[in-house]
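Topology and contacts: notes
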Amino acid sequence: MSASSVRQPHFVPSPQAPSVPSSTSALAADSVRDLVLRGLRAQVKSLPPSLFYDAAGAALFEQICELPEYYPTRTELAILTRCAPTLARAAGPHVALIEYGSGAATKVRLLLDQLETPSAYVPVDVSHEQLEQVAAVRSAQYPGLRVLPVCADYTRPLTLPRLPDDARRVAFFPGSTIGNFHPTEASAFLHRVRHTVGPRGGMILGVDRRKDPDVLHNAYNDAAGVTAAFNRNLLVRMNRELQATFDVDTFRHVAFFNDALSRIEMHLESSVDQTVHVAGEAITFAAGETIHTECSYKYDEPRLRTLVEESGFRIEALHTDACDWFWVAWLTPI
Ligand code: AVJ
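Residues numbered from 1 in each chain as written. Predicted model: local features only at pLDDT ≥ 70, side-chain atom pairs only at ≥ 80, totals over all residues. Heavy atoms only, no water.

**Quick word on the site of the ligand**
- With respect to spatial proximity, 14 residues lie near the ligand, and among them Y70, G175, Y220, E294 and S296 are the closest.
- Y70 is positioned with one of its side-chain polar atoms (N or O) 2.5 Å from an oxygen atom of the ligand.
- Contact between the ligand and S296: an oxygen atom at 2.7 Å from a side-chain N or O atom of the residue.
- Summarising the interface, the protein chains cover 98% of the accessible area of the ligand, which totals 350 Å² for the free molecule.
- Of all the secondary structure elements, the ones that give two or more residues to the shell around the ligand are α2 (55-64), α8 (226-241) and β12 (290-297). (Near = heavy atom within 4 Å. Polar contact = N/O pair within 3.5 Å; in protein donor to acceptor, adjacent residues only side chain to side chain. Areas by Shrake-Rupley, 256 points an atom, 1.4 Å probe, with all protein chains shown as cover. Helix = DSSP H or I, 4+ residues; strand = E, 2+ residues; numbered from the N terminus.)

Structure, rendered in structure tokens:
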């Protein structure tokens, strides 16, 4: 085991929390409270999707990925399996691979197995526990690979550890998580990635495509109710972490395709007029009022091209599946 090459996670200080203790996630308790209260005080209530991923939420998401209706994970895996050799050839030798939102870091193996002498792997994630485990396991599996975990919320600017000077920096952002960003935020994020990888860099980006609305609808309204549980877990989390008083049974999981904005929207809809307390603050709901918990944008080629090009990248290759449901895009700086 080459455990010596695993460094301690590199914590990114934020203005509110100058040092993040190693026992917690990158989202400190006070920033969770601030995010939640800001979202629930607003005229139109919303919560950021990054809050889904506490330990229970991360486990529910792993279950979602196995659902028959949830096509993105297996579709992207099929594309990556087929195209990893092509992607690895395009990326070249001595790559420093930076994965945004590494989670269980399963997909990255397909790339690491094909890359020619990869020099570093930088998993970035908010979940400290998962990050440490991933770092230890991947480091043991790939002797000679420098594993440099970063515990951070990548939706905000972050500082990376020092990488080998000769390494080509390649960002890996699979899972179509780019879909969680509104188009302007998505382009700001890609622009930051472009800056991070530099003029010789590259990016491998997973993108969910526009498709039959029924297929989309079913993927977010699974028969087993796992997506509903994932959505409602936000309420459970607030009850536990913020002394909130949500009666989970009075909130309904709602997910639909908004065609005009080309996105799936997830909401939690209150079935009654009620007042809930969150971190000591009263929040009122009218019957039928919702908390908007997630957007998942679906791209067509013109929308993707616009996004990529306004961010300083160009589309070098678009790899897709037999159903044309998903893309793995290889991007290089303009
Ligand atoms: C992790 C953002 C890609 O948008 O499909 C799955 C999250 N939400 N089911 C998605 C999710 C509901 C997922 N992403």
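**Observations regarding the pattern of salt bridges**
- Taken as a whole, this structure holds 16 salt bridges when the rule is applied.
- A salt bridge links E76 to K107; the shortest N-O distance between them is 2.8 Å. With E76 in helix α3 (residues 71-91) and K107 in the loop between β2 (95-100) and α4 (108-112), the pair connects residues that are 31 residues apart, well separated along the chain.
- Residue E76 is classed as buried on the basis of its relative accessible area, which comes to 2%. (Salt bridge = Lys/Arg side-chain N within 4 Å of Asp/Glu carboxyl O. Buried < 20%, exposed > 50% of the residue type's maximum accessible area, 1.4 Å probe, protein only.)

**Looking at the sheet that holds strand β8 (residues 251-258)**
- Taken together, the three strands give an open sheet; going across it, the order is β8-β9-β12, and neighbouring strands pair in antiparallel fashion. Both outer strands of the open sheet, β8 and β12, are each paired with one neighbouring strand and no more. Pairs of neighbouring strands in the sheet enclose a mean axial angle of 20°, with direction left out of account.
- With eight bridges joining them, β8 and strand β9 (residues 263-270) adopt antiparallel strand pairing. (Pairing = 2+ DSSP bridges. Axes fitted to C-alpha atoms, helices over the stretch in contact; angles between N-to-C directions.)

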